[in-house]
Amino acid sequence: MTEPVKRRRSLLGDALPARTFDQGIDLEVAEWILGALTARISSLLAEESDETVAQSLRAERAALAAERRRMIAGGPSAGARVLQEYGSRARQLREKRQ
């Protein structure tokens with residue numbers, strides 16, 4: 001006799017919003033952008049000796065993590081909103097590195 005398959009429960013709840021293919025792509029790119037910004041802040045934080053600046057960087061990093069959680073749990077347009085809001089920051093970061 002086979003055992004019943006146990007369904008894993010999402011950490012974000014029972015149901016995540018349904019997305020179209022394009023909305024899924026937006027979500028993936030938006031996650032990458034938030035991750036890149038978080039990584040950049042973490043690298044700046046590792047080099048920062050001023051505690052006031054370090055606190056500001058930690059707060060910004062926490063805000064990005066919260067943004068990511070809201071985006072994943074949000075509706076279908078959440079990824080596009082993050083792209084619009086944070087895309088220019090990611091481009092600026094890329095241009096500075098070149």
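Peer 1: Even after reading the chapter, I still don't get the pattern of salt bridges, so can you show me in this structure?
Peer 2: Between side chains of opposite charge, a pair can form as their charged atoms come close. Applying the stated criterion across every chain, the model contains six salt bridges. For Glu85, the salt bridge identified is with Arg81, shortest N-O distance 3.3 Å. Note that Glu85 and Arg81 are positioned in helix H3 (residues 78–97) at a spacing of four residues, about one turn of the helix. Looking at Glu85, the relative accessible area reads 44%, which means it is partly exposed.

Peer 1: Sorry if this is basic, but what is going on with the packing of helix H1 (residues 21–47) against helix H2 (residues 51–73) here?
Peer 2: Each pair of packed helices can be summarised by the angle the axes make with each other and by the distance between the axes. One way to put it is that H1 packs onto H2 with a least axis distance of 10 Å and a crossing angle of 165 degrees. One element, H1, and the other, H2, form an angle in the roughly antiparallel class. Where H1 crosses over H2, the handedness of that crossing is left-handed. Contacts from Leu27, Ala30, Glu31, Leu34, Leu37, Thr38, Ile41, Ser42, Leu44 and Leu45 of H1 reach H2 at Ala54, Leu57, Arg58, Glu60, Arg61, Leu64, Glu67, Arg68, Met71 and Ile72. The residue makeup of the contact of H1 with H2, split by class, is 12 nonpolar, two polar and six charged.

How each quantity is defined
- Residues numbered from 1 in each chain as written.
- Predicted model: local features only at pLDDT ≥ 70, side-chain atom pairs only at ≥ 80, totals over all residues.
- Heavy atoms only, no water.
- Salt bridge = Lys/Arg side-chain N within 4 Å of Asp/Glu carboxyl O.
- Helix = DSSP H or I, 4+ residues; strand = E, 2+ residues; numbered from the N terminus.
- Buried < 20%, exposed > 50% of the residue type's maximum accessible area, 1.4 Å probe, protein only.
- Axes fitted to C-alpha atoms, helices over the stretch in contact; angles between N-to-C directions.
- Parallel < 35°, antiparallel > 145°, perpendicular 65-115°, else oblique.
- Left-handed = near helix turned anticlockwise from the far one by under 90°.
- Contact = heavy atoms within 4.5 Å.
- Nonpolar A, V, L, I, M, F, W, Y, C, P; charged D, E, K, R; others polar.

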